Amino acid sequence: MEPPTAEAVLQGVFTLYNDPNNGEKEKASKWLEEFQKSIHSWKIADELLRQKHDLNSCTFAAQTMRNKIQNSFHELPETAHESLRQSLLEHLSHITIETKSVIVTQLSLALADLALLMSSWQKPVATLLQRFSNNPNMMYALIELLTLIPEEVNSRHLRLGANRRKEILLDLEADSTMVGEYLTMCLMNGNENELVRSKILKCFTSWVQINAFKLPEISDSMIIVYCFQLLSNGSTSQDLHESATDALCSLLHCIELNNSRGGLDDKLFGGIMCLEEAYNMSVAQEDLDKSMNFCRLFTVLVESNLARIVAGSDGETPHYAVKSLDLVLNCVGHYDYEVAEITFNMWSRLSEDLYQANNYQLTSHFKPYVERLIAALYKHSQLDPDHDGLVEEGGSFKDFRFKVSEIIKDVIFIVSSISCFKQMFLILQSPNVSWESSEAALFIMQNVARNILPEESEVVPKVVEAILNLPENCHIAIRYTSINILGELCDWIDSNPETLQPVLNFLLFALQQKNGLATAAANSLQSICSTCKKHMVGHISGLMEIARCLDSFDIQTESAIGLLKGISIIIGRLEAAQLTPAMQELCSFQVEALSRLTNGDDDGLDGKKSRSDPGFWLDRLASIYRHVSPTVRANEVNPCAFVIINNWNVLSRALERYKNDSKIMERIVRCIRYAIRCIGKQAMPILEPLVKQIITIYSGHNHSCLLYLGSILVDEFAYEEGCTQGLLNMLQAFIQPTFAVLQMENGLKNHPDMVDDFFRLATRFIQRAPLQFLQSPLVTPIIQCGLLACTLDHRDANISVMRFFCSLLRHDRANDLEPMVQSILASHGEALIMNLLYSSVFCLHSYMLSDVAEVFVEIKQHSPHQLEEYVKKAVDSLPKKNSGGSVTVTHEQMVQFVSNVVNSHTARATTQALQDFARLYR
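Residues numbered from 1 in each chain as written. Predicted model: local features only at pLDDT ≥ 70, side-chain atom pairs only at ≥ 80, totals over all residues. Heavy atoms only, no water.

## Regarding the overall build of the chain
- Secondary structure summary: the chain contains 49 helices and zero strands in total.
- With the principal axes as the frame, the chain shows a C-alpha extent of 95 × 80 × 65 Å.
- A total of 922 residues make up the chain; the buried ones form 54% of that total.
- Put simply, of all contacts in the chain between residues at least 6 apart along the chain, 74% involve residues at least 24 apart.
- Put simply, the chain shows about 40600 Å² of open surface, and 49% of that area lies on carbon and sulfur atoms.
- Charged side chains in the chain number 79 positive and 108 negative. The centres of these two groups are separated by 3 Å. (Helix = DSSP H or I, 4+ residues; strand = E, 2+ residues; numbered from the N terminus. Buried < 20%, exposed > 50% of the residue type's maximum accessible area, 1.4 Å probe, protein only. Contact = heavy atoms within 4.5 Å. Areas by Shrake-Rupley, 256 points an atom, 1.4 Å probe, with all protein chains shown as cover. Lys, Arg positive; Asp, Glu negative; His and termini not counted. Charge placed at Lys NZ, Arg CZ, Asp CG, Glu CD.)

This is the structure in C-alpha cells:
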C-alpha cells in the first residue's frame, strides 16, 4: 500500500467508530487492518500516541504498537530497538490514574513484550523500578507493567525460545526481592484506592505463578497477611476477594511445584483451615461469588497436598492434611450446585491416585468422605418439587447431572457400587418419601447399576420388581430414570434371564409413550440387545415388529438408529436362512423411502421435514449394515450379500442425485463403506460400477469422502487378482482434481479433510499393493505433495501424511522393495527431514511431534548415517538468533540434538528430542 499519513489513519479511526454507514465502517476496518500490517504503522502509531488526539485514536495506536511488537518485531533492525524503547517509556511516563485502562494495558503490553524480546535491554525490571518507583503518579502504570512482564514470558506469540526464556526467568528471580519490596511499600503507604490494591495482589500473583519468589523470603510477606485479612473480612469487595483468593491459590500451586514443606506451607495450611467461618458467613449472606472463591481455595489446598495426603495415609491413621477434605465437603453441601461443581476435578484426581495405589487400607480412610460426597450429590441432583416433565435438555442442570454421573463413576469403587445401590434403595423405601427424593436416588443408582455383579440377589431383584410395578400415576421423571436403570442393568439381566420377558414388556409399553419416555426405552432396549444377544434371539419376531412400527414411536433420531443397531446385532446371530429375509425386511423400510427420494417423490413420508432428508434414511441403513455381523466361514456365502447387492441401485442413484451436496454425500459414502465392510470381497459385483461412478463424480465435485471410500476399496480388493490395476487407475483419476485443489493459495490449509483422505488412500496402496504402487509413475508426485503437507497443523491430516511416509519406509528390508525405497530416500530423504524439522519447530503443535518422530525412526532403520547427514543439514538451515537478537540455539545444542536423534532407540526418545529442540524456538 502507499505510505499512509497520520491524518488518513485518524480519519479511518473516526469513520470506524462514528460513521453511521455500516459499509463505510467495514471499508475503514479493512483499510486499518492492512495499515497495521504495513511497516509504516510503527512510525504513525508512535506519532498518534504523541498527538493524543482522542481516546479512540490513542487506543488504536497503542493496540497497533502492541500488535507490531508481538507479531512483526522482525521488521525492525536491531539499531531501531533502543529508540523504540525510549519512545514507549516516554509514552508510559504520561500515564496517570485517570488514563483509560485499555490504553494503559496496551502500552504496558507493548513495553513488556519489548523488554522480553530485546536482548540488549539488560535488567528491564530494575530499570523500570529505578525510573518510576519514586513517582507516586506512575504507581498504577508501573504495577501494570510488572504484572504483564511475567505473564508474557510464556506467550506463544512472542516465540522467545527456551534459551531466552531461561535467561529472563533467572533475571526475574534475581529482581523478585525488589519487586516484593516495592509492592509491599505500595500496599503499606496507605493507598486507599481499591483498584490499585487489587492490582498489587494481581502483580504479586503473576510473579508467584512463574516461581520467581524464593518461598522462604516471602513466608512473612505483608501481602500474604493482607490476603488473609481480606478473606476473613465479610465486607471485602468482590474484586479484592477474588484477587486475594487467586494469590493464595497460586502460592499453593507454587509450593506443590517446588515440593516445599514447612514454613510458608504450614502457615498457608493453618490460615486457610481457619477460613471456614468466613465461608459460612458468605453462605449466610448468600454471597455466591465469595462462596465460590472459598470453595476454589479449599479445593486447591487439597489438590496441592494430594500426593502427600495419599502417600501419608497408607498406615492405620490418615495424614493430618486429610482434614482439609472437610472444608471441601462443607462447600459441596452449599445450596447452589455450581459451588459443588468446582470440586469435581479434585475428586477425580483423588480417585485416580487411590485406584493406582490399589491399597485397601489406604482407600478405606477416604470411604467416609466419598459417602458424604455421594449423599451431597444425591441432594443436589433433586428436581424442584413443583417441576413438571423431565430435566430440560441443554440446560445447566442437565449438564450438572451429567458431570455428577461422571464423578460418581470415578469414585464409586472407594465405597463399592452395591453399598451405594443399597443406600439409595433404603431412601426409596423410606415412609412418605417425596417423588423428587425417589427420582434422585434412582438417578444415583442408574450411575452404578452397570457395576453390580450379575450374581447379586438381595437388592437388585427388589429394585427391578419395583420398577416393573410402578404405579400409573408416578411422576414421569421417576419412570424415565427407572427405564434408564433397566438399560444399565443389562449385564445383570443377561445373567438372570427369567427377568428378560417382563423387562421387555415394560420397555415395549414405554416405547409407545410420549414426552421422552420412548427415547429412554429405545436406548435401554439397545443396551439389552447388545448385551443379552444369546437370549434375545428368541425375541426376534417382537423386535421385527418394533422395527415395523419404528416411525410411529416418539423417539429421537439417534435413539431410533441405536434401536436399529440393537435389532441388527440380534439379526446377525440368526441362521442364514432366517438372517437374509430378516435383514432384507429391516433394510426395506429405509431403502423404499430412499428410493422415493432419489426418484423425486417424497409423498407418503409422513410429511415430516426429517423424513424428506435422505440423511435420515441413510444413517439408519448404515447402522444396519454396520451391525449385522454374521459369523461366515471361509468360502461360505455371506447371507448379507444378497441384500446389499440387491439394494445397490438405490445407493447408486443417491450418489448421482446428491452429488452437489457434500453433507449427504458423506452419509452415502458412510453407508457404502459399511456395506463393503459387511460382505468384503463378496461385494465384487458392485466394484466396477462403483469405481467408475465415484471417479466421474469426483472429477466434477471434489468430495474428499470419495477418496476415503477409495481407500476402503483398496483395503478390501487390492489383493484380488485383476483388481489392482483398476484401483491404480482410480488413484490416477483422483490425483489431478485433488492436486488442482491443494495447489491453490492456502489449498492445504483450507482442505485438511482432502489431505487426510488422499494420504489415507495412498497409504492403503502401500500396505496392500506395495510393488505395483512403487513401480507406478504416481509415487513421485504423491511424495512431493506429502513434502508440502508436512507443515499442515491439522491433527488428522498430519497423522495421515506421517503414516504415508512411515508406510513408504516400513517393510521387510530383505525383500524386492528395498532398492526402490533406497532410491526414494536418496531422491527425497534430505527434503523430507528438512521439511519435518522445519514443521516441528515452526508449524506443528508439540503433541503432534510423536507422529513426526516415527518417520525419523523409519529413516534411521534404513541408514543411521544418512539420517545424521540429513538432520545436520536441516539444523544448519534454521535461524540461530531470534528477532530480538538473542541466541535461539547454540552450537552445542545443535550437536546435542543431532546426537539425540541419531542415537535414540525408540520413537518416544526421538519425540522428546524433537520437543526439546522445538522449545528452543518457541
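On we go from here.
## A short note on the pattern of salt bridges
- One pass over the structure, following the stated rule, counts 42 salt bridges.
- Taking the shortest distance from any N to any O, the salt bridge between Glu341 and Lys403 comes out at 2.5 Å. With Glu341 in helix α18 (residues 337-341) and Lys403 in helix α21 (residues 396-415), the pair connects residues that are 62 residues apart, well separated along the chain.
- The class for Glu341 is partly exposed, based on a relative accessible area of 22%.
- We classify Lys403 as partly exposed; its relative accessible area is 30%.
- Ionic pairing is found between Asp715 and Arg764, a salt bridge with its closest N-O pair at 3.9 Å. Residue Asp715 is found in helix α38 (residues 704-717), and its partner Arg764 is found in helix α41 (residues 752-768); the two are separated by 49 residues along the sequence.
- Looking at Asp715, the relative accessible area reads 13%, which means it is buried. (Salt bridge = Lys/Arg side-chain N within 4 Å of Asp/Glu carboxyl O.)

## Points about the packing of helix α3 (residues 41-51) against helix α5 (residues 81-93)
- One way to put it is that α3 packs onto α5 with a least axis distance of 10 Å and a crossing angle of 25°. By the angle class used here, α3 and α5 are roughly parallel. You can see that α3 and α5 cross each other, and the crossing is left-handed. Residues Trp42, Asp46, Leu49 and Arg50 of α3 lie in contact with α5, whose contacting residues are Leu84, Ser87, Glu90 and His91.
- Taken together, the residues of the contact of α3 with α5 sort by class into three nonpolar, two polar and three charged. (Axes fitted to C-alpha atoms, helices over the stretch in contact; angles between N-to-C directions. Parallel < 35°, antiparallel > 145°, perpendicular 65-115°, else oblique. Left-handed = near helix turned anticlockwise from the far one by under 90°. Nonpolar A, V, L, I, M, F, W, Y, C, P; charged D, E, K, R; others polar.)

## A few points about unusual backbone geometry
- With a phi angle near 50°, Arg159 is a residue other than glycine that sits in the positive phi range.
- Position of Arg159 among the secondary structure elements: in the loop between α8 (139-152) and α9 (162-188).
- Judged by relative accessible area, which is 30%, Arg159 ranks as partly exposed.
- Phi is positive for Glu286, close to 55°, though the residue is something other than glycine.
- Relative to the helices and strands, Glu286 resides in the loop between α15 (276-284) and α16 (288-311).

## Focus: the nonpolar core
- The biggest cluster of nonpolar side chains holds 336 residues, and the ones touching the most others in it are Trp347, Ile571 and Met583.
- If near-sequence neighbours (up to four positions away) are discounted, Met583 is found in contact with Ile571, Ile624, Tyr625, Val628, Cys640, Val643 and Ile644. (Core = buried A, V, L, I, M, F, W, Y, C linked by side-chain atoms within 4.5 Å.)

## A closer look at helix α10 (residues 194-209)
- Taking 1.5 Å per residue as the helical rise, α10 with its 16 residues ought to reach 22 Å, and the 23 Å between its terminal C-alpha atoms agrees with that figure.
- Among the 16 residues that make up α10, twelve are buried, leaving the element largely enclosed by the rest of the structure.
- Of the residues making up α10, those classed as buried are Val196, Arg197, Ser198, Lys199, Ile200, Leu201, Cys203, Phe204, Thr205, Ser206, Trp207 and Val208.
- Where α10 is buried, its residues touch α7 (124-132), α8, α9, α11 (215-218), α12 (222-232) and α13 (238-258).
- One side-chain oxygen at the N-terminal end of α10 lies 2.8 Å from the backbone nitrogen of Leu195; it belongs to Asn193.
- Directly beyond the C-terminal end of α10, a positive phi value near 60° is found at Asn211. (Expected span 1.5 Å × (residues − 1). Polar contact = N/O pair within 3.5 Å; in protein donor to acceptor, adjacent residues only side chain to side chain.)

## Digging into the packing of α3 against helix α4 (residues 55-71)
- The geometry of α3 relative to α4 is characterised by a closest axis approach of 8 Å and an angle of 145° between their N-to-C directions. Crossing handedness for the pair α3 and α4: left-handed. In this structure, α3 uses Ser41, Trp42, Ala45, Asp46, Leu48 and Leu49 to contact α4, whose residues at the interface are Cys58, Ala61, Ala62, Thr64, Met65, Lys68 and Ile69.
- Within the contact of α3 with α4, the residues separate by chemical class into nine nonpolar, two polar and two charged.

## Focus: the side chain of Ser807
- Structurally, the position occupied by Ser807 is in helix α44 (residues 795-809).
- Leaving out residues up to four positions away in the same chain, Ser807 has contacts with Thr763, Ile766 and Gln767.

## Notes on α16
- Compared with an ideal rise of 1.5 Å per residue, which puts 24 residues at 34 Å, α16 spans 34 Å between its outermost C-alpha atoms and is within 8% of the ideal.
- A maximum bend of about 60° is found in α16 at Asn305.
- Counted residue by residue, α16 has 18 buried out of 24 residues, so it is predominantly covered. (Bend = angle between axes of the 7 residues up to and from the residue.)

## Overview of the UniProt feature "domain: Importin N-terminal" (unreviewed entry) in the chain
- In the numbering used here, UniProt assigns the "domain: Importin N-terminal" (unreviewed entry) feature to residues 28-94.
- With 76% helix and 0% strand, residues 28-94 has end C-alpha atoms that lie 29 Å from one another. (UniProt positions renumbered as here; feature names shortened; annotations may be inferred.)

## Side note on the domain arrangement of the chain
- What the domain assignment lists for the chain is domain 1 (214-381), domain 2 (417-556), domain 3 (574-680) and domain 4 (810-921).
- Put simply, the middle of domain 3 and the middle of domain 4, counted by C-alpha atoms, are 47 Å apart. (Domains from an automatic or database assignment.)

## Examining the side chain of Glu456
- Its location among the elements puts Glu456 in the loop between α23 (435-448) and α24 (460-468).
- For the buried Glu456, no salt bridge is present, and the opposite-charge side chain at shortest range is Lys422, 5.2 Å distant.
- A polar contact is formed between the side chain of Glu456 and the backbone nitrogen of Val460, at a distance of 2.9 Å.
- Setting aside residues up to four positions removed in sequence, Glu456 forms contacts with Ile418, Pro461 and Trp492.

## As for the packing of aromatic side chains
- This structure, assessed with the given rule, holds 24 aromatic pairs.
- Geometrically, the ring pair formed by Phe294 and Phe298 is stacked, given 6.1 Å between the ring centres and 25° between the ring planes. Taken together, the residues span about one helical turn, with Phe294 and Phe298 both in helix α16 at a distance of four residues.
- Given the relative accessible area of 2%, Phe294 is considered buried.
- On the numbers, 5.5 Å between centres and 70° between planes, the contact of Phe842 with Tyr921 is edge-to-face. With Phe842 in helix α45 (residues 818-842) and Tyr921 in the segment after α49 (907-919), this residue pair connects regions lying 79 residues apart in the sequence.
- Using a relative accessible area of 27% as the deciding quantity, one classes Phe842 as partly exposed. (Phe/Tyr/Trp six-rings, centres within 6.5 Å; stacked < 30°, edge-to-face > 60°.)

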